[in-house]
Amino acid sequence: TLLQPLGYAGAGEVALPLAIAVGLIGWWIGRVDRRAQGHFSVSAVSLAAIGLMTWLGAPWAPAWLALQGGGLIWLGLGERRDWVRGIGVVLVLGAITRTIEIQFAPVPAGYDVFLNHRAGLGLLITAVLAVLAVRHARTTADADPARSAYLAASVVGANAMMLITLTAEINAFWDLRAVNNAVVSAELARQMMLSATWAAYAAALTAIGIRRKYPPVRYLALGVFAITVAKLFFVDLSQLDSVYRIISSLALGMLLVGASYLYQRYGTATEPVPPAPSDP
């Protein structure tokens, strides 16, 4: 029923009772095997997500993939089963791919910016990745040798998904306004808003990466800055008059100088080594 296109309207009527049944079975079997209860709980939540997304009239596949995959990564970490966590990673990657495909599809009629299922899917995946990042951050390196790699992937993935969602919603906002003679001005405003959003997000990542002393966030910020600068020079400035080119270049230059100052001032600083205890 869930996989057949004609059965899409009735998917919620199938998924929600199944979610309740699977949840009850998990609660009952938890008295025998607590580990099995976790797997039943993940399946129940995923089925409930299918029913909820169907009731809202939104694509259910990305939500199911994200929650099922995130739950398997969580369980694989707790059970120290890398193959379970690997399956979860594949499902989460599938959710990200499908969500990006949906977000950059043509804007439908009656679209409400940020109040729609496309933005909701992006925020859901961002939240799942953020929860996984917190979970891995609270795990010691001895308990999980791959902790650093999974933590960096979760943090970078969550921020990248958030930035992609913002980009898709900005594009949708201006697509709705690019009509008749306003096409050129709307396209110019779109590009400038994208550049400003990317630059501000990169600046925020730089500050967070420096404060947390976490290099992957700083490297992501540098990458976003590089993309923003390239876009500004090759796309935005070609559409602006001379005065606006100068103003835009000065604004971006000041932002880059501020970010580079913070990076040089605090980004390379190391935590002081505590003194060795003196002999009694």
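The rules behind the values
Here the residue numbering is sequential within each chain, running from 1 through the sequence in written order. Per-residue local features are limited, in this predicted model, to residues with pLDDT of at least 70; the limit for side-chain atom pairs, both in listing and counting, is 80 or more; totals at the level of whole chains, interfaces and linings are taken over all residues. To get the side-chain values, all heavy atoms of the structure are used, and hydrogens and water are removed first. Starting at the N terminus, helices and strands are each numbered in turn, a helix being any DSSP run of H or I of at least four residues and a strand any DSSP run of E of at least two. Any residue under 20% of the maximum accessible area for its type is buried, any over 50% is exposed, and the rest in between are partly exposed; the area is computed with a 1.4 Å probe on protein chains only. Contacts are assigned to residue pairs that have any heavy atoms within 4.5 Å of one another. Reported accessibility uses the Shrake-Rupley method at a 1.4 Å probe radius. Residues are deemed covered only where the shown protein chains occlude them. The predictor reports its confidence for every residue as pLDDT, a score running from 0 up to 100. In this scheme Phe, Tyr and Trp rings, the latter by its six-membered ring, pair at centre separations within 6.5 Å, and the angle between planes marks the pair as stacked below 30 degrees, edge-to-face above 60, and tilted otherwise. A ring is considered to have a charge above it if a Lys NZ or an Arg CZ atom is located within 6 Å of its centre and within 35 degrees of its normal. Side-chain atoms alone can form a polar contact between residues adjacent in sequence; in general such a contact is a pair of N or O atoms within 3.5 Å, and within protein one must be able to donate a hydrogen while the other accepts it. A fitted line through C-alpha atoms represents every axis, and for helices the fit uses only the stretch in contact; the resulting angles, taken between N-to-C directions, go from 0 to 180 degrees. Any angle from 65 to 115 degrees is called roughly perpendicular, while one under 35 is roughly parallel, one over 145 is roughly antiparallel, and all others are oblique. Two helices crossing with the near one rotated counterclockwise from the far one by less than a right angle form a left-handed crossing, whereas a clockwise rotation gives a right-handed crossing. Gly falls in the polar group here, along with every residue not listed as nonpolar (Ala, Val, Leu, Ile, Met, Phe, Trp, Tyr, Cys, Pro) or charged (Asp, Glu, Lys, Arg).

A. Up close: the overall build of the protein chain. Looking only at helices and strands, the protein chain has nine helices and zero strands in total. Looking at the 280 residues of the protein chain, the share that counts as buried comes to 39%. By sequence separation, contacts in the protein chain at least 24 residues apart represent 64% of the contacts at least 6 residues apart. Carbon and sulfur atoms make up 69% of the accessible area of the protein chain, which amounts to about 16,100 Å² in all.

B. Expanded view of the confidence of the model for the protein chain. Summing up the model confidence of the protein chain, the mean pLDDT is 83 and the portion of residues at 70 or higher is 80%. Ranking the helices and strands of the protein chain by mean pLDDT puts helix α4 (residues 82-103) first, with 95, and helix α9 (residues 242-267) last, with 67. Across residues 269-280, where pLDDT falls below 50, the model places one contact with residues more than four positions away in sequence or in other chains.

C. Quick look at the packing of aromatic side chains. On inspection of all chains with the given rule, the structure shows one aromatic pair. Here the aromatic rings of Phe173 and Trp174 are separated by 5.0 Å at their centres, their planes lie at 90°, and the arrangement is edge-to-face. Residue Phe173 is classed as partly exposed on the basis of its relative accessible area of 25%. For Arg135, the ring lying beneath its charged end belongs to Trp74, and the centroid distance is 5.0 Å.

D. The arrangement of the side chain of Lys231 in detail. Within the secondary structure, Lys231 is located in helix α8 (residues 215-236). Of note is the side chain of Lys231, whose polar atom sits 2.8 Å from the backbone oxygen of Gln191.

E. How the structure looks around the packing of α4 against helix α5 (residues 117-137). Relative to each other, α4 and α5 sit at 155°, their axes nearing to 9 Å. Classified by the angle their axes make, α4 and α5 are roughly antiparallel. Between α4 and α5 lies a crossing whose hand is left-handed. Seen from α4, the contacting residues are Arg85, Val92, Ala95, Ile96, Thr99, Ile102 and Gln103; seen from α5, they are His117, Arg118, Leu121, Gly122, Ile125, Leu129 and His136. For the contact of α4 with α5, the per-class residue count stands at seven nonpolar, five polar and two charged.

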